[in-house]
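Letter by letter, the chains look like this.
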Amino acid sequence: DHAGTRQVTDAFVRHRLRPIILAVTRNLKRLSQDREARKILGVSGAACVVGGGPSCRDFDRIGDGVAVLAVNTSGPKICQERSPDVLCIREVVPVDEQLRNLKHPPKLIVLDIGTAKETVDAAYETAPVAWAIPAQTHLAWLIRLLEVRPFYSGESALTMSVSFTE
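Conventions we followed
- Each chain carries its own residue numbering, running from 1 in the direction its sequence is written.
- In view of the model being predicted, local features appear only for residues whose pLDDT reaches at least 70, and side-chain atom pairs are presented and counted only at 80 or more, with totals across whole chains, interfaces and linings using the full set of residues.
- Remark: hydrogens and water are excluded; side-chain values derive from all non-hydrogen atoms of the structure.
- Note on ring pairs: Phe, Tyr and Trp rings are taken, using the six-membered ring of Trp, and paired if centres are within 6.5 Å. Classes follow the plane angle, with under 30 degrees stacked, over 60 edge-to-face and the rest tilted.
- By definition, being over a ring means that NZ of Lys or CZ of Arg is both within 6 Å of the ring centre and within 35 degrees of the ring normal.
- A run of H or I in DSSP becomes a helix once it reaches four residues, and a run of E becomes a strand once it reaches two; helices and strands are each numbered from the N terminus.
- Only protein chains enter the accessibility calculation, which uses a 1.4 Å probe; a residue is then buried when its area is under 20% of its type maximum, exposed when over 50%, and partly exposed in between.
- Distance and chemistry together define a polar contact, namely a pair of N or O atoms within 3.5 Å, with one atom able to donate a hydrogen and the other to accept it when in protein, and with adjacent residues in sequence counting only for side-chain atoms on both sides.
- The pairing criterion is simple: DSSP has to find at least two bridges between the two strands.
- Here an axis means a line fitted to C-alpha atoms, over the contact stretch when the element is a helix, while the angle between two N-to-C directions is reported on a 0 to 180 degree scale.
- Within this document, salt bridges are pairs made up of a side-chain nitrogen of Lys or Arg and a carboxyl oxygen of Asp or Glu, the two lying within 4 Å of each other.

Draft legend 1. Examining the packing of aromatic side chains more closely. Per the counting criterion, the structure on display carries 0 aromatic pairs. A cation over an aromatic ring shows up here: Arg149 above the ring of Phe151, its NZ or CZ 5.2 Å from the ring centre.

Shown next as structure tokens:
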């Protein structure tokens, strides 16, 4: 119903929009300075997206030649056993300590443009970085300005990783 939708929107604006926009503002400077990180992310062939839920285990079942995409919630577990091809992070709250403690760092870290500064700094210390801009209303101006294809991925790192594989 309309009233319920309005309440969800109001809650988002009150609790998340301000820190996301502040993070976007900080990250734009880094994005503009890092030409290598502006590349378009591409994954070809078979891919396995690893979420952080209860099935986040038995990584030896993933076949050779399969691109492995992990999210920040699955990163600590999968990076104990192997280096994923991609680690996707979409957190406005810092997860820098988690990144600094990975046993096997990922080959590439993809950051949402709204990621916390501490996480961005740790990502650049850990692996090559690429940036992703989600298709969200409050970022339409940035998508037009940078002339990039946004990722239609909802709010989670898992759905963004699935969007990469599509």
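Draft legend 2. Spotlight on the side chain of Asn72. Mapped onto the secondary structure, Asn72 falls in the loop between β2 (67–71) and α2 (75–81). On the basis of relative accessibility, which here comes to 5%, the residue Asn72 falls in the buried class. Here Glu91 takes part through its side chain, which lies 3.5 Å from a polar atom of the side chain of Asn72.

Draft legend 3. Up close: the sheet that holds β2. Across the sheet, which stays open at both edges, the 5 strands sit in the order β1-β2-β3-β4-β5 with parallel pairing between neighbours. Bordering the open sheet on either side are β1 (47–50) and β5 (129–132), each of which pairs with just one other strand. The mean inter-strand angle of the sheet, taken between neighbouring strand axes irrespective of direction, is 25°. The pairing of strand β3 (residues 86–89) with strand β4 (residues 109–112) spans 3 bridges and is parallel. Looking at the pairing, Ile89 lines up with Leu111 of β4.

Draft legend 4. Molecular detail of the pattern of salt bridges. One pass over the structure, following the stated rule, counts 7 salt bridges. Across the salt bridge formed by Lys117 and Asp121, the nearest N and O atoms sit 2.7 Å from each other. Pair noted here: Lys117 and Asp121 are both in helix α4 (residues 117–126), with a separation of 4 residues, about one helical turn. For Asp121, a relative accessible area of 23% translates into the label partly exposed.

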